[in-house]
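Structural features, examined
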Amino acid sequence: MPQADEVRAAGPRRTAFDWTDTEARRRAEAGLVRTLRPRAAESELLDLASNDYLGLTRRPEVTEAAAEAARRWGAGSTGSRLVTGTTRLHTRLERELADFCGFEAALVFSSGYTANLAALTALGGRDALVVSDASNHASIVDGCRLARAETAVVPHTDPEAVRKTLDAHPGRRALVVSDSVFSVDGDKAPLPELAAACRAHGAGLVVDDAHGLGVLGEGGRGALHEAGLAGDEDVVATLTLSKSLGSQGGAVLGPARVVEHLVNAARTFIFDTGLAPAAAGGALASLRLMVAEPGLAERARTVATTLHRLLTDAGLTAARPDAAVVSVRAPSPEAALRWAADCREQGLAVGCFRPPSVPDGISRLRLTARADLTDAQIEQAVETILRTAPAARQG
């Protein structure tokens, strides 16, 4: 056994996770350090950073429904959905969600992330081909990896590239997977064209409608409903309950036989604890508000186009929004961070997207066009963004 003086002579002792210090230095040098910023329950900030597209997460009907569900069913679901984690509240949410979006059946998960993992792993497999848009969300990317299928990544929103990829694998079981609305620039996928490419090959179409539900389609029924594809036998949708529905959780919607297959084959359903009753109750209340107030979806879209028009008229570069995401370009990761921080100091919370979260390496401010924003709040947000823009600071 080495003596103490021999250990000292050998230099500083190395430990298992010393390498993380090197990674931390690299992130700092690249301006890519992420930090947690706990928020208070109440804030004076004008919120254009969250995904609460319809402004429902604090509606009294929603919070009271969540509280009542916790009082009645308990704070947690107590187990996996196949053991004790399925309540009548879960099945009611599934039935009403499927009916609202126009699908035969629905299955609720603990998050939208696990819903995507479930759909891709249970419907993929070693003998399958998965064709994935280059700008798909990280949960889709991870689902493709875990599916153990051959994955072909195609250029962004390019249905012809999808068609050519499928044509190169005749007779092979295949899935095409895409976001409906992409979270970085807020642009829509060409869903009718993707569906046509799938049907020419006999492939299934899986669409993550996280950013479409509540904003697109009649009364917010989603991008697939808008495209006339909801309920088709070869189409599956995945959703999150944490954006327009203002709660927590996720879901897969599709043909009943697909949902039955997920119950029996999807590991993130079988082995995960069920969604907490409070989240299910809150989501169900939000869904019913969407039915009762169909104008919320149109208002969210109007706020998005207004923000885009005002910002671009003032000289900023922003992607034209197809739903409720407004993306404003920044000159660098450091400038984006500073811009977002300056906005916060002046009372406005905005999102900040930087590499590696953005596939094209371009940093952005990401604005949420919420349905409950007033015209005065929209003007306040635009004035703050313009006042704190990098070029304005230099001028």
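Just above sits the structure.
First things first, this report covers the structure right here in the doc. The structure presented is a predicted model; accordingly, all values stated were derived computationally and were not measured. (Residues numbered from 1 in each chain as written. Predicted model: local features only at pLDDT ≥ 70, side-chain atom pairs only at ≥ 80, totals over all residues. Heavy atoms only, no water.)

Re the overall build of the protein chain
Scanning the protein chain from N- to C-terminus turns up 16 helices and 11 strands. Relative to a compact globule of 395 residues, whose C-alpha radius of gyration would be 21 Å, the protein chain shows 23 Å and is just as compact. Out of the 395 residues in the protein chain, the part that is buried amounts to 50%. For the protein chain, contacts bridging at least 24 residues in sequence account for 72% of all contacts bridging at least 6. On the protein chain, roughly 18700 Å² of surface is accessible, and the fraction owed to carbon and sulfur atoms is 51%. Taken together, the 44 basic and 49 acidic charged side chains of the protein chain have centroids lying 4 Å from each other. (Helix = DSSP H or I, 4+ residues; strand = E, 2+ residues; numbered from the N terminus. Rg over C-alpha atoms; globule rule 2.2 N^0.38 Å. Buried < 20%, exposed > 50% of the residue type's maximum accessible area, 1.4 Å probe, protein only. Contact = heavy atoms within 4.5 Å. Areas by Shrake-Rupley, 256 points an atom, 1.4 Å probe, with all protein chains shown as cover. Lys, Arg positive; Asp, Glu negative; His and termini not counted. Charge placed at Lys NZ, Arg CZ, Asp CG, Glu CD.)

So, the nonpolar core
What tends to happen in soluble globular proteins is that the nonpolar side chains get buried as a cluster. Residues Leu97, Leu205, Leu253, Val328 and Trp339 are the most contacted members of the largest nonpolar core, which totals 88 residues. Among the elements that line this core, the one with the most residues is helix α12 (residues 277–292), at 8 residues. By size, the runner-up hydrophobic cluster in this structure holds 25 residues, among which are Leu107, Ile140, Cys144 and Leu175. (Core = buried A, V, L, I, M, F, W, Y, C linked by side-chain atoms within 4.5 Å.)

A closer look at the environment of Arg267
Along the polypeptide, Arg267 turns up in helix α11 (residues 267–270). Remark: the alpha-carbon pair of Arg267 and Ala118, spanning 149 residues in sequence, is separated by 6.7 Å.

Some details on the packing of helix α5 (residues 112–123) against helix α6 (residues 138–147)
At a closest axis distance of 8 Å, the pairing of α5 and α6 adopts a crossing angle of 35°. In this structure, the crossing between α5 and α6 has a hand that is right-handed. Contacts between α5 and α6 involve Tyr113, Asn116, Leu117, Leu120 and Thr121 from the former and Ala138, Ser139, Ile140, Asp142, Gly143, Cys144, Leu146 and Ala147 from the latter. Split into classes, the residues belonging to the contact of α5 with α6 amount to 8 nonpolar, 4 polar and 1 charged. (Axes fitted to C-alpha atoms, helices over the stretch in contact; angles between N-to-C directions. Left-handed = near helix turned anticlockwise from the far one by under 90°. Nonpolar A, V, L, I, M, F, W, Y, C, P; charged D, E, K, R; others polar.)

Concerning the pattern of salt bridges
As enumerated under the stated definition, the model contains 18 salt bridges in all. The closest approach of N and O atoms between Arg288 and Glu96, which form a salt bridge, is 2.6 Å. With Arg288 in helix α12 and Glu96 in helix α4 (residues 88–101), the pair connects residues that are 192 residues apart, well separated along the chain. Connected through salt bridges with shared partners, the residues Arg59, Glu61 and Glu293 form a single ionic network. (Salt bridge = Lys/Arg side-chain N within 4 Å of Asp/Glu carboxyl O.)

Some details on the sheet that holds strand β9 (residues 325–329)
Strand order in the open sheet formed by 4 strands is β1-β10-β11-β9, with mixed pairing between adjacent strands. Unpaired on one side and paired on the other, β1 (46–48) and β9 mark the two borders of the sheet. Neighbouring strand axes in the sheet, compared pairwise and without regard to direction, differ in orientation by 30° on average. For strand β10 (residues 348–353) and strand β11 (residues 364–368), the ladder comprises 3 bridges, and the chain directions are antiparallel. Paired with Cys352 across the strands is Leu365, a residue of β11. Strand contacts of helix α14 (residues 333–345): β9, β10 and β11, with the helix running at about 165° to β10, the strand carrying the most contacts. (Pairing = 2+ DSSP bridges.)

Details of the pairing of strand β4 (residues 150–154)
With 5 bridges connecting them, strand β3 (residues 129–133) and β4 associate as parallel partners. Directly across from Val130, in β4, lies its bridge partner Thr151. Between the parallel pair β3 and β4, the chain is carried across by α6, and the sense of this crossover is right-handed. (Right-handed = clockwise from strand over helix to strand, strands pointing away.)

Comments concerning the pairing of β11
Within β11, 5 of the 5 residues are buried, leaving the element largely enclosed by the surrounding structure. By the alternation rule, side chains of β11 split into Arg364, Arg366 and Thr368 and Leu365 and Leu367, which are all buried.

Regarding α5
Across its 12 residues, α5 extends 16 Å between first and last C-alpha, which sits within 8% of the 16 Å expected from 1.5 Å per residue. The set of residues buried in α5 consists of Gly112, Thr114, Ala115, Asn116, Leu117, Ala118, Ala119, Leu120, Ala122 and Leu123. For α5, the side-chain oxygen to backbone nitrogen distance between the N-cap and Tyr113 is 3.3 Å, and the N-cap itself is Ser111. Once α5 ends, the next one or two residues include Gly125, with phi positive near 125°. (Expected span 1.5 Å × (residues − 1). Polar contact = N/O pair within 3.5 Å; in protein donor to acceptor, adjacent residues only side chain to side chain.)

Focus on the packing of aromatic side chains
A ring pair, where both rings are aromatic, is described by two values, the distance of the centres and the angle of the planes. Applying the stated criterion across every chain yields a total of 1 aromatic pair. A ring pair is formed by Phe109 and Phe269, whose centres lie 5.6 Å apart and whose planes are at 70°; its orientation type is edge-to-face. Linking Phe109 in strand β2 (residues 105–109) with Phe269 in helix α11, this pair joins segments that are 160 residues apart in sequence. As far as the burial class goes, Phe109 and Phe269 line up, both buried. (Phe/Tyr/Trp six-rings, centres within 6.5 Å; stacked < 30°, edge-to-face > 60°.)

Notes on the packing of helix α3 (residues 60–73) against α12
The contact between α3 and α12 brings their axes to 7 Å, and the two run at 145°. Two packed elements cross with a definite hand, and for α3 against α12 that hand is right-handed. Across from Glu61, Val62, Ala65, Ala66, Ala69, Ala70 and Trp73 in α3, the residues of α12 making contact are Pro277, Ala278, Gly281, Gly282, Ala285, Ser286 and Leu289. Within the contact of α3 with α12, the residues separate by chemical class into 10 nonpolar, 3 polar and 1 charged.

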